[in-house]
Amino acid sequence: MTLRKLFGALCLMLVLGAPSVRAADVTLHFLFTQPPDTWDAVIAAFEKANPGVHVERQQVPFDALNAQVQSRIGAQDSSIDVFGCDEPRVPAFSRRGYLVDLSQYRADFEKSVSKEAIDAVSAGGKIWSFPLWTSTQVLFYNKDLLAKAGLTPPSIDPKQRPTWEAVLAAAKQAQAAGAKWGVSFDQVDRYYELEPLYVSNGAGVGLEGPDMLTPAIDNPKWIETTAWYGHLFSDGYAPRGIPPEQMPPLFAAGQLAYMVAGPWNMGLFFKTPDLHFGLAAMPYFAGGTPSTPTDSWSIAVSPYSEHKDLALKFARFMTLDDQGALMSTQNLPLPPANKAAFDAYLQRMEGQGGAVLAGYADLVRYELANTAVHRPRSVGWVNFEQIMNKAFSDVRNGADPAATLHAAAEALKSAFARLR
Amino acid sequence: MRAGRGEALAAALFLAPALVAVVVLRLWPTLQAVLLALDAGRGLSLDNFRFLFGDPEFLGALRTTLIFGLIVNPVQIALALGLAVLLNQNLPAVGLWRTLVLLPVAVPQSVSAVIWGVAMRPDGPLNAALAAAGLHPLPFLTSPATALASIIVIVSWVGVGYWMTFLIAGLKDIPPSLYEAAAIDGAGAWQRFWHVTLPQLRRPLTFVLVADTVANVLVFAPVQILTKGGPQGSTNLVMNEIFTRAFEADDPAGAAAATTVLVLVVVVIVAVQFRLMLGRDEPA
């Protein structure tokens, strides 16, 4: 009798519980590398506009994203619907079958984003991903450390851009006056932030040929620029052994006088009490070409998603929709690729940033129009990025630049041969 | 006869979940890796193996793994054995010491790697301690001369306590009468260790040697998190090489071939270890 009652109660619970799960309830799985609160506003708005849809966030470290995409989407796993795709990875990922052909939406893309943004997510004449943000880098400086050394802050006006030679001299002076470190990059050892050094010094981007599958990194200009990078660490301007994730906190802690970094770090800097910072145009080599990094993340839809239509709707909302695109910059202030949201973003930033960000909008517009250098668009990009980042890391830790670049060139040839 | 058949059926039923798991989770993926390595979809070929054995990165990874194994296994087992013998004595608060030595096992490998990474930073607490003691700072993970040694310290921090527990269990199984008899025969502490403890520990030591060797061949998390195989390939252990090849370089066939080589190497090492430790007359 007791068992019967128990069975009856279980049945009742099942029947009563059933209506709470609506037939239309769908969970979209979104894989990305940014802090999860980046998406608070855009996900809330999307879920409100689409009752029954829930977006589940899956954050992984930047260095793990490639492996996650490769191992899960590569295995045709449906547990990812939407994922962040670094734009230079589009040619390799589309070749591997990890992306959905979006060319049928070309007219919508052309209405909302620039031609450059479409090019950044295209390969083989097709569009593969939704451009989310664009990017540039600036030179942050610590006002207190500069004042202590009697240094004049560099200008935010790109026409008065500082040279690397001047920045290194000032960094030494700041260190002599008490700064622990002089100057560093926040994304140490990453090609994205170091590429402009090579372009500025006339060394080229490192890949050549019609398919950009021929390494061009062991020439004198590349060796010279790499040696310059190595000297930043051997001469004590910048610290060894600190990963990119820990570099902005070092600046926020007042240990670093100058740092080349992305504008998204401003969120942390504004929140840090007693940190007085300013920003200037990214330096260039005297006699060289002013150059800055660009391109950014895009939003891709997995071909193995079980909810592809909804996944496409979410990705479109985050990027091509003017309001959605602006919401995607709320907690991580990167310039949106969406044209209307881009203008609104710059207005908002200058309004919120006060005197610190006076001139920021003009700087971003100038850099994107005049100095931005794209990373090589090649099916070999993923291999190139991985091998080059290791080479930069080795040089930072004291390896000989020429020997390191030669070994990297050989590794690239070997990796590219496997792609063909 | 009928009872025998019934027993066999019961045994098969009990074994079935484990056998299914072995087939699905071990043998099937291994077979798939071998087929992929042999390019089975396009006719059998050894091209992937030819490529690997001409690739300096892979050969370097094999060399680094060999050096790593030759150092880390004896160090871990010697320390685990020493600690097991020490903590098997009637020391005050011996349970506390055993717990403290075993505690790192409870910390996930990734977490302990991050903690060690911060501790070993050039401006981290370990160098601060060295400076306080009037010693020169060490580059730890940033120099090819010290990075592999640093990884050995990190994996041993976890490993030694873990393997120690098996050896303590082995020590507990040794009948005290053997030590009493040896003492009556006039054997000293060293002679008792050499002639009673070690021979009696042969089976647990064999297990620890084999399992530790395999575990150390498969070391991955600390390398991936802390050095990614650098600086200059000095910590590029073969598991990191396989991971990089499979999931970053988009070379699944090369990674499958490297996995096949790794499995063969491990099987040979384990077979040799069993033969050496158990002798010809004892079943492995």
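> Tell me about the overall build of chain B, residues and numbers included.
Across its full length, chain B carries 13 helices and zero strands. If you list the helices and strands of chain B from N to C, you get α-α-α-α-α-α-α-α-α-α-α-α-α. In terms of its C-alpha atoms, chain B occupies a principal-axis envelope of roughly 80 × 70 × 30 Å. Relative to its 284 residues, chain B shows a buried fraction of 33%. Taking the contacts inside chain B whose residues are at least 6 apart along the sequence as the reference set, 68% of them involve residues at least 24 apart.

> Now, about the pairing of strand β1 (residues 26-32) of chain A: what can you tell me, with residues and values included?
Successive side chains on a regular strand alternate, one facing one side of the sheet and the next facing the other. Residue and element names in this part refer to chain A. Burial analysis of β1 places five of its seven residues in the buried class, which makes it a mostly covered element. Here β1 runs beside strand β2 (residues 53-59); their pairing, made up of seven bridges, is parallel. Within β2, the residue paired with F30 across the bridge is R57. The β-α-β motif built from β1, the intervening helix α2 (residues 40-49) and the parallel element β2 has right-handed crossover chirality. Pairing of β1 with strand β3 (residues 82-86) involves two bridges; the strand directions are parallel. Note that in β3 the partner of L31 across the bridge is F83.

> Explain the interface of chain B and chain A residue by residue, including any values.
Counting residues at the interface gives 18 residues for chain B and 23 residues for chain A. In the side of chain B that touches chain A, the residues fall into five nonpolar, five polar and eight charged.

> If you had to explain the domain arrangement of chain A to someone new, which residues and values would you point to?
Residues and elements named next belong to chain A. For chain A, the domain assignment lists domain 1 (25-134 + 295-369) and domain 2 (138-294 + 375-419). A separation of 26 Å is found between the C-alpha centroids of domain 1 and domain 2. Secondary structure elements with two or more residues in the side of domain 1 that touches domain 2: α4 (90-95) and α16 (360-371). It is α16 that contributes the most residues to the side of domain 1 that touches domain 2, five residues altogether. The residue makeup of the side of domain 1 that touches domain 2, split by class, is 11 nonpolar, four polar and four charged.

> Can you tell me about the sheet that holds strand β12 (residues 277-281) of chain A, naming the residues and giving the values?
Residue and element names in this part refer to chain A. Read from one edge of the open sheet, four strands run β8-β11-β7-β12, paired in mixed fashion. Taken across any chain shown, the strands that pair with only one partner, and hence form the sheet edges, are β8 (181-185) and β12. Mean inter-strand twist for the sheet, computed between neighbouring axes without regard to direction, equals 20°. In this structure, β8 lies alongside strand β11 (residues 256-261), joined through four bridges in parallel fashion. If you follow S184 over to β11, its bridge partner there is M259.

> Describe the nonpolar core, with residues and values.
Residues and elements named next belong to chain A. V82, F314 and A408 are the most contacted members of the largest nonpolar core, which has 85 residues in total. Summarising the domain contributions, this core has at least three residues from each of domain 1 (25-134 + 295-369) and domain 2 (138-294 + 375-419). Leave out the neighbours within four places in its chain, and V82 touches L28, F30, I299, V301, A311, F314 and A315. In this structure, A171, V183, A257 and Y284 belong to the second largest nonpolar core, which totals 41 residues.

> Account for unusual backbone geometry, naming residues and giving values.
Looking along the chain, the bond that leaves G230 of chain B and enters P231 of chain B is cis, with omega of -10°. Structurally, P231 of chain B is set in the loop between α11 (221-226) and α12 (238-247). Of note in this structure, D295 of chain A is not a glycine but carries a positive phi near 65°. If you trace the backbone, D295 of chain A turns up in the loop between β13 (292-293) and β14 (297-301). Despite not being glycine, Q232 of chain B has its phi angle at roughly 55°, a positive value. Looking at the secondary structure, you find Q232 of chain B in the loop between α11 and α12.

Thresholds applied
- Residues numbered from 1 in each chain as written.
- Chains lettered and ligands numbered in written order.
- Predicted model: local features only at pLDDT ≥ 70, side-chain atom pairs only at ≥ 80, totals over all residues.
- Helix = DSSP H or I, 4+ residues; strand = E, 2+ residues; numbered from the N terminus.
- Buried ≥ 20, exposed ≤ 12 C-beta atoms within 10 Å, placed from the backbone.
- Contact = placed C-beta atoms within 7 Å.
- Pairing = 2+ DSSP bridges.
- Right-handed = clockwise from strand over helix to strand, strands pointing away.
- Nonpolar A, V, L, I, M, F, W, Y, C, P; charged D, E, K, R; others polar.
- Domains from an automatic or database assignment.
- Axes fitted to C-alpha atoms, helices over the stretch in contact; angles between N-to-C directions.
- Core = buried A, V, L, I, M, F, W, Y, C linked by C-beta atoms within 7 Å.

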